[in-house]
Amino acid sequence: MYAKTQQQIKALVTNKIVPGVSYGFIDHQQTLTNYVGASQLIPTCQPLYAGQLYDLASLTKVIATTTLILKLIMQHQLALDDPIQKFLPTFKDQRVQIRHLLTHTVNLVGYIPHRDQLTAPELKQALLNLSVGPNFGKQVHYSDTEFLYLGWIIERLLQRPAQQALFNEVIRPLHLTTMTFHPDAKRCVPASYQPHGRGLIKGVVHDPKAYVLGEHAASAGLFANLTDVLSFCRFMLGDWQLSEPLLDRTTIQQLYHDYTGCNGQRSLGWDLKIGSNGQYWLYHTGYVGHLILINQQAHQAFVLLSNRIHPTEPNTIFLGLRDQIAATYLKEVAVL
């Protein structure tokens with residue numbers, strides 16, 4: 001199954017692009033998983049095995065934050081056209097709506113001096129003081145900050161820290177038993193190694209803003225193993241019958257649509273890839289070295305988890321290879 005895709009994945013390890021890779025495919029009721037390489041190289045080499053947890057980085061945005069925002073919209077506690085100033089009154093631009101945050105079409109600009117040395121309240125206020133740049137609503141400018149805003153809107157509505165709300169409203173109802181914002185470091189794959197900074201970053205979020213903001217960050221911070229990420233894909237494919245539906249089928253189906261209005265090929269929260277047959281696939285990546293692809297109509301999904309910035313950043317060669325792997329998978333899946 002997916003021989004060329006698997007060959008390219010294994011080459012990431014063989015060619016020492018990444019220490020190791022955990023990956024899996026869903027094809028209707030069949031699931032294939034594999035684990036290749038090492039979990040870490042520095043300070044000692046350690047094996048990679050099933051069940052280890054990864055810092056999911058920006059996969060947090062789609063697995064948890066987007067899902068909860070859609071749930072709040074479904075419950076009529078929120079609307080796509082709501083101005084964010086309604087919930088974040090210190091933000092100065094009245095034009096920005098929930099849909100702009102979800103589609104990354106705001107283009108927030110501004111420099112925050114000594115950003116990573118600020119306290120959480122100081123960083124939050126500095127981020128809310130950012131301005132809207134050129135091409136507002138007309139061009140995609142991917143940014144973590146828009147999802148930090150969404151997290152603070154969640155806090156305003158549900159009256160609890162963003163990560164606590166995400167866990168209680170999304171992770172727990174889906175019974176994703178390893179997915180957590182508070183992992184046991186011994187079970188985690190390290191994200192990176194900073195000999196003159198934070199040392200071995202393992203079991204603690206790598207993202208600098210999320211690290212400062214702690215439980216108030218909805219842009220990153222989730223940890224999980226491959227099995228739980230694939231289980232989330234099963235939920236998105238409609239394979240789980242929950243006693244209280246988290247999202248209805250129509251809400252999920254409507255994600256397979258470009259919401260930018262500017263051919264930016266972005267859904268709500270999700271990026272989009274076009275398959276060989278012209279169908280949209282839900283797509284997202286994570287800075288630490290992940291990708292997720294889901295197609296409800298074809299009933300297929302692909303998850304790749306790695307720690308491409310271990311031992312050191314930025315390892316940009318991985319990014320082009322990840323794009324190639326996604327493209328190869330979309331070609332192979334089209335001929336099944």
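Owing to the predicted nature of the structure, the values given are computational and were not obtained by experimental measurement.

Basis of the calculations
Residues numbered from 1 in each chain as written. Predicted model: local features only at pLDDT ≥ 70, side-chain atom pairs only at ≥ 80, totals over all residues. Heavy atoms only, no water. 1 Å grid on protein atoms, 1.4 Å probe; cavity = no way out; pocket = protein on both sides within 12 Å on 5 of 7 lines; lining within 4 Å. Points joined across faces, edges and corners; volume = space filled by probe spheres on them. Helix = DSSP H or I, 4+ residues; strand = E, 2+ residues; numbered from the N terminus. Nonpolar A, V, L, I, M, F, W, Y, C, P; charged D, E, K, R; others polar. Buried < 20%, exposed > 50% of the residue type's maximum accessible area, 1.4 Å probe, protein only. Pairing = 2+ DSSP bridges. Expected span 1.5 Å × (residues − 1). Contact = heavy atoms within 4.5 Å. Axes fitted to C-alpha atoms, helices over the stretch in contact; angles between N-to-C directions. Parallel < 35°, antiparallel > 145°, perpendicular 65-115°, else oblique. Left-handed = near helix turned anticlockwise from the far one by under 90°. Salt bridge = Lys/Arg side-chain N within 4 Å of Asp/Glu carboxyl O. Phe/Tyr/Trp six-rings, centres within 6.5 Å; stacked < 30°, edge-to-face > 60°. Lys NZ or Arg CZ within 6 Å of the ring centre and 35° of its normal. Core = buried A, V, L, I, M, F, W, Y, C linked by side-chain atoms within 4.5 Å.

Things to note about the layout of surface pockets
1) Next: By volume, the largest pocket is sized at about 390 Å³.
2) Next: The wall of the largest pocket is formed by 23 residues, among which Ser58, Lys61, Tyr142, Asp144 and Tyr287 lie closest to the centre.
3) Next: Counting only elements with at least two residues in the lining of the largest pocket, the list comes to strand E11 (280–286) and helix H10 (317–334).
4) Next: Residue contributions to the lining of the largest pocket peak at four residues, all from E11.
5) Next: A breakdown of the residues in the lining of the largest pocket according to their chemical character gives nine nonpolar, six polar and eight charged.

Thoughts on the pairing of strand E1 (residues 20–27)
1) Next: Across the eight residues that make up E1, a large majority, eight, are buried.
2) Next: Relative to strand E2 (residues 30–40), E1 is paired through eight bridges, and the arrangement is antiparallel. Each bridged residue has a counterpart across the sheet, and for Tyr23 the counterpart in E2 is Asn34.
3) Next: Between E1 and E2, which pair antiparallel in sequence order, lie two residues; one of them, His28, sits at a positive phi of approximately 55°.
4) Next: One ladder, built from seven bridges, connects E1 with strand E13 (residues 300–306); its direction is antiparallel. Residue pairing across strands places Phe25 opposite Phe302, the latter belonging to E13.

Let's talk about H10
1) Next: With 18 residues, H10 extends 27 Å from end C-alpha to end C-alpha; this agrees with the ideal 26 Å at 1.5 Å per step.
2) Next: Where H10 is buried, its residues touch helix H1 (3–14), E1, strand E10 (271–274), E11, strand E12 (290–295) and E13.

Digging into the sheet that holds E12
1) Next: Spatial strand order, E3-E2-E1-E13-E12-E11-E10: seven strands in an open sheet with antiparallel pairing. Of all the strands in the sheet, the pair left with one neighbour each is strand E3 (46–47) and E10.
2) Next: Of the pairings in the sheet, the one linking E12 to E13 comprises five bridges and is antiparallel in character. Looking at E13, one finds that Ile292 is bridged to Val303.
3) Next: Its contacts with the sheet place helix H8 (residues 226–236) against E1, E2, E11, E12 and E13, and it is angled at close to 150° to E2.

Some words on the packing of H1 against H10
1) Next: Between H1 and H10, whose axes approach to 8 Å, the crossing angle comes to 165°. The pairing of H1 with H10 is recorded here as roughly antiparallel in orientation. Handedness of the crossing formed by H1 with H10: left-handed. Across the interface between the two elements, Ala3, Lys4, Thr5, Gln8, Ile9 and Leu12 from H1 touch Phe318, Leu321, Gln324, Ile325, Thr328, Tyr329 and Glu332 from H10.

Focus on the pattern of salt bridges
1) Next: The final tally for this structure, using the stated rule, is eleven salt bridges.
2) Next: Notably, a salt bridge pairs Lys71 with Glu169, separated by 2.8 Å at the nearest N-O pair. Of this pair, Lys71 sits in helix H2 (residues 59–74) while Glu169 sits in helix H6 (residues 162–171), and the two are 98 residues apart along the sequence.
3) Next: Classification of Lys71 by relative accessible area gives buried; the value is 12%.

Some remarks on the packing of aromatic side chains
1) Next: The tally for this structure, following the rule as stated, stands at ten aromatic pairs.
2) Next: Judged by centre distance (5.2 Å) and plane angle (55°), the ring pair of Tyr2 and Tyr329 falls under tilted. Of this pair, Tyr2 sits in the segment before H1 while Tyr329 sits in helix H10, and the two are 327 residues apart along the sequence. For the pair Tyr2 and Tyr329, a shared accessibility class is recorded, and that class is buried.
3) Next: Taken together, a centroid distance of 5.9 Å and an interplanar angle of 45° make the contact between Phe232 and Phe235 tilted. Placement of the pair is Phe232 and Phe235 together in helix H8, with a separation of three residues, close to one helical turn.
4) Next: We classify Phe232 as buried; its relative accessible area is 0%.
5) Next: Across the ring face of Tyr283, the terminal group of Lys273 is positioned such that the distance to the ring centre comes to 4.8 Å.
6) Next: The ring of Tyr287 has Arg308 lying over it, and the distance from NZ or CZ to the ring centre is 4.6 Å.

A short note on the packing of H2 against H6
Any two packed helices are characterised by the angle at which their axes cross and by the distance between the axes.
1) Next: Direction vectors running N to C along H2 and H6 enclose 75°, while the axes themselves pass 9 Å from each other. By the angle between their axes, H2 is roughly perpendicular relative to H6. Contacts between H2 and H6 involve Ile63, Ala64, Thr65, Thr67, Leu68 and Lys71 from the former and Ala165, Leu166, Glu169, Val170 and Ile171 from the latter.
2) Next: Along the lines of polarity and charge, the residues of the contact of H2 with H6 split into seven nonpolar, two polar and two charged.

What about the nonpolar core?
1) Next: If you look at the biggest cluster of nonpolar residues, it comprises 82 residues, and the most contacted ones within it are Leu56, Tyr149 and Ile294.
2) Next: What Ile294 contacts, discounting residues up to four positions off in sequence, is Cys233, Met236, Leu237, Tyr256, Trp270, Trp281, Leu282, Gln300 and Ala301.
3) Next: In terms of nonpolar packing, the next biggest core, distinct from the first, is built from 22 residues, Tyr23, Phe25, Tyr283 and Leu291 among them.

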